[in-house]
Amino acid sequence: MGWFNIIYALTLPGAYIGINALLTPDWSLLFNANIWLAAFSQIVFSLSMGESISLTYASYLPEGSKLADNVLVVVFANCAFELFTAFGIFSILGYMTYTSGTPLTQLVSEGTGLVFVVLPRIFEIMGPIGHILAPMLFISILFAGITSSMAELEPLINSLCHKIGWSRKKTVTLLSIFGCLLSLLFTTAISSYLINVVDGFLTEFWIILLIILQCIIFTWFYDIENVIPILNENNRLKVGKTWVFILKYILPVFLLFLWINGVYNLAINSNNFEITIYILITVLILIVSYIFTNINKIHDKYQ
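Since this is a predicted model, take the numbers as computed values, not measurements.

Student: Would you mind going over helix H11 (residues 241-269) with me for this structure?
Tutor: Residues spaced three or four apart along an α-helix face the same direction, because each turn holds 3.6 residues. Compared with an ideal rise of 1.5 Å per residue, which puts 29 residues at 42 Å, H11 spans 41 Å between its outermost C-alpha atoms and is within 8% of the ideal. Remark: the principal bend of H11, roughly 40°, maps to leucine 247. Listed in full, the buried residues belonging to H11 are Val244, Leu247, Pro252, Leu255, Leu258, Trp259, Asn261, Gly262, Asn265 and Leu266. If you follow the buried residues of H11, they end up packed against helix H3 (33-47), helix H9 (191-221), helix H10 (228-232) and helix H12 (272-293).

So this is what it looks like as structure tokens:
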């Protein structure tokens, strides 16, 4: 369904406007830290970096798995899909610019706009077949949301099951109820605005900070070079000292620069309501982190 929509989008009048915008980058923006922050935020989200999701799922793999090769396949598939989708999205934006006269940069301002404004437009143009493909697309988005939620919960499920011996059924039930109650906050009249505020803070502050700490902890306090033989045992793609050097020096410094820039932007561009949300999220994260760190003691105390 996706490839058909993209090919159809490429045939729309004005599609060249969007494709030209996509393939004509403004190289000066490479010196804009906000662009790098936005790009890194996107790749962090799409590859689930810094959230223990990949680590948790990797722990379920059988002996002899090709870890580095699998990572390369996932990264390549993700980037190829995003590039392929970009041609379809920009073709539709070009068509909308062609028919409405509105500059392409003013058509949408957020990710939800792409899904609920741009894509429905092509289904409207396609006529009867669009009435079939549109429900299929939004059902796919629904399942994408469900599977993403499952991935986000998996590290917590694994941790609780191993640390305090809860059954998987009990753990999933309790976490699902808690997640459902928390998600109700995003069903209000300001849900779209609230999502942008929370997502921006988590991505530009917490997740990048966690990735920096992970790089430092695993390269400076653990002998990461002992992991190299394990990674290279069954892989065609070999990692070595260059990989360690990047994780130990280049990546933390680069991310620290982005993190400082992100924190500065949040500080100067946020209103009192947004700052209140940031404080509440920070307090919640610290409380949950403390609970999970000491959950064995807490569980034994109240048993």
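Now that the structure has been shown, we can carry on.
Student: Can you help me understand the environment of isoleucine 281 in this one?
Tutor: Structurally, isoleucine 281 can be placed in helix H12. Not counting residues within four places of it along the chain, the set of residues in contact with isoleucine 281 comprises Val198, Phe201 and Leu202.

Student: Which parts of the structure should I look at to understand the pattern of salt bridges?
Tutor: When their charged atoms lie close together, side chains carrying opposite charge are able to pair. Evaluation of the coordinates by the stated rule reveals one salt bridge. Its salt-bridge partner being arginine 168, residue glutamate 154 comes within 2.8 Å of it at the nearest N-O pair. Of this pair, glutamate 154 sits in helix H7 (residues 128-164) while arginine 168 sits in helix H8 (residues 168-183); the two residues are 14 residues apart in sequence, bridging distant segments of the chain. Classification of glutamate 154 as buried rests on a relative accessible area of 5%. Residue arginine 168 is classed as partly exposed on the basis of its relative accessible area of 44%.

Student: What is the right way to read the side chain of threonine 203 from this model?
Tutor: Inspection of the secondary structure assignment puts threonine 203 in helix H9. Within the local environment of threonine 203, its side chain forms a polar contact with the backbone oxygen of aspartate 199, the two atoms lying 2.9 Å apart. Residues in contact with threonine 203, not counting those within four places in the same chain, are Ser41 and Ile208.

Student: Could you clarify how one ought to interpret a nonpolar patch on the surface in this entry?
Tutor: Together, Leu210, Leu213, Ile216, Ile217, Phe218, Trp220, Phe221, Tyr222, Phe245, Ile246, Tyr249 and Ile250 make up an exposed nonpolar region whose accessible area comes to about 1,200 Å². Secondary-structure elements contributing two or more residues to the nonpolar patch are H9 and H11. By residue number, the principal contributor to the nonpolar patch is H9, which donates seven residues. Looking at the secondary structure, you find isoleucine 250 in helix H11. Residue isoleucine 250 is classed as partly exposed on the basis of its relative accessible area, which comes to 46%.

Student: So what exactly am I meant to see when it comes to the nonpolar core here?
Tutor: Buried together is how nonpolar side chains tend to be arranged in soluble globular proteins. Counting 22 residues, the largest nonpolar core has Phe40, Phe201, Phe205, Ile208, Ile211 and Leu255 as its most contacted members. For this core, the secondary-structure elements that each account for two or more residues are H3, H9, H11 and H12. The leading source of residues in this core is H9, at 12 residues. Setting aside anything within four residues of it in sequence, one finds phenylalanine 205 in contact with Gly200, Trp259, Val263 and Leu266.

Student: What's the story with unusual backbone geometry in this structure? I'm lost.
Tutor: With the exception of glycine, most residues fall at negative phi, and the peptide bonds are largely trans. Its identity as a non-glycine residue notwithstanding, serine 48 has a phi of 55°, on the positive side. For serine 48, the position within the fold is in the loop between H3 and helix H4 (53-58). A positive phi angle, near 70°, is found at serine 52, a position not held by glycine. Examined against the element boundaries, serine 52 turns out to sit in the loop between H3 and H4.

Student: Sorry if this is basic, but what is going on with the packing of H9 against H11 here?
Tutor: Two quantities define a packed helix pair, namely the angle between the axes and the distance from one axis to the other. It is the contact of H9 with H11, at a shortest axis distance of 9 Å, that shows an interaxial angle of 155°. It follows that H9 is roughly antiparallel to H11 by the angle criterion. When you trace H9 past H11, the crossing you get is left-handed. Residues Phe201, Glu204, Phe205, Ile208, Leu209, Ile211, Ile212, Cys215, Thr219 and Trp220 of H9 pack against Leu247, Lys248, Tyr249, Leu251, Pro252, Leu255, Leu256, Trp259, Gly262, Val263 and Leu266 of H11. Taken together, the residues of the contact of H9 with H11 break down into 17 nonpolar, two polar and two charged.

The rules behind the values
- Going along each chain's sequence as written, the residues are numbered from 1 onward.
- Residues qualify for local features only when their pLDDT is at least 70, as the model is predicted, and side-chain atom pairs are given and counted only at 80 or more; totals for whole chains, interfaces and linings, by contrast, use all residues.
- Heavy atoms from the whole structure form the basis of all side-chain values; hydrogens and water molecules are not counted.
- Each helix is a run of H or I in the DSSP string that is no shorter than four residues. Each strand is a run of E no shorter than two, and both are numbered from the N terminus.
- Every helix has an expected span of 1.5 Å times one less than the residues it contains.
- The bend reported for a residue corresponds to the angle between axes fitted to the seven residues ending at that residue and the seven starting there.
- Relative accessibility under 20% of the residue-type maximum defines a buried residue, over 50% an exposed one, and the middle range a partly exposed one, all with a 1.4 Å probe and only protein chains included.
- Residue contacts are counted whenever heavy atoms from the two residues lie within 4.5 Å of one another.
- One side-chain nitrogen of Lys or Arg within 4 Å of one carboxyl oxygen of Asp or Glu is enough to make a salt bridge.
- In protein, a polar contact means a hydrogen-donor-capable atom and an acceptor-capable atom, both N or O and within 3.5 Å, with residues adjacent in sequence counting only if both atoms are side-chain atoms; elsewhere, any N or O pair within 3.5 Å suffices.
- In this scheme, patches are assembled from residues that exceed 30% relative accessible area and form no salt bridge. Like charges are connected within 9 Å, while nonpolar side chains (Val, Leu, Ile, Met, Phe, Trp, Tyr) are connected within 5 Å.
- Only the protein chains shown count as cover for residues, and all accessible areas are computed by the Shrake-Rupley method using a 1.4 Å probe.
- To qualify as a nonpolar core, a set must consist of buried Ala, Val, Leu, Ile, Met, Phe, Trp, Tyr and Cys residues joined through side-chain atoms within 4.5 Å.
- Where helices are involved, their axes are fitted lines through C-alpha atoms of the stretch in contact, as for all axes, and angles between N-to-C directions lie from 0 to 180°.
- Reported orientations rely on four angle classes, namely roughly parallel under 35 degrees, roughly antiparallel over 145, roughly perpendicular from 65 to 115, and oblique for the rest.
- Note on convention: near helix rotated counterclockwise from far helix by under a right angle means a left-handed crossing. Clockwise means right-handed.
- Residues are grouped as follows: Ala, Val, Leu, Ile, Met, Phe, Trp, Tyr, Cys and Pro are nonpolar; Asp, Glu, Lys and Arg are charged; all remaining types, including Gly, are polar.

Interpretation note: all reported values are geometric properties and have no functional meaning in isolation.
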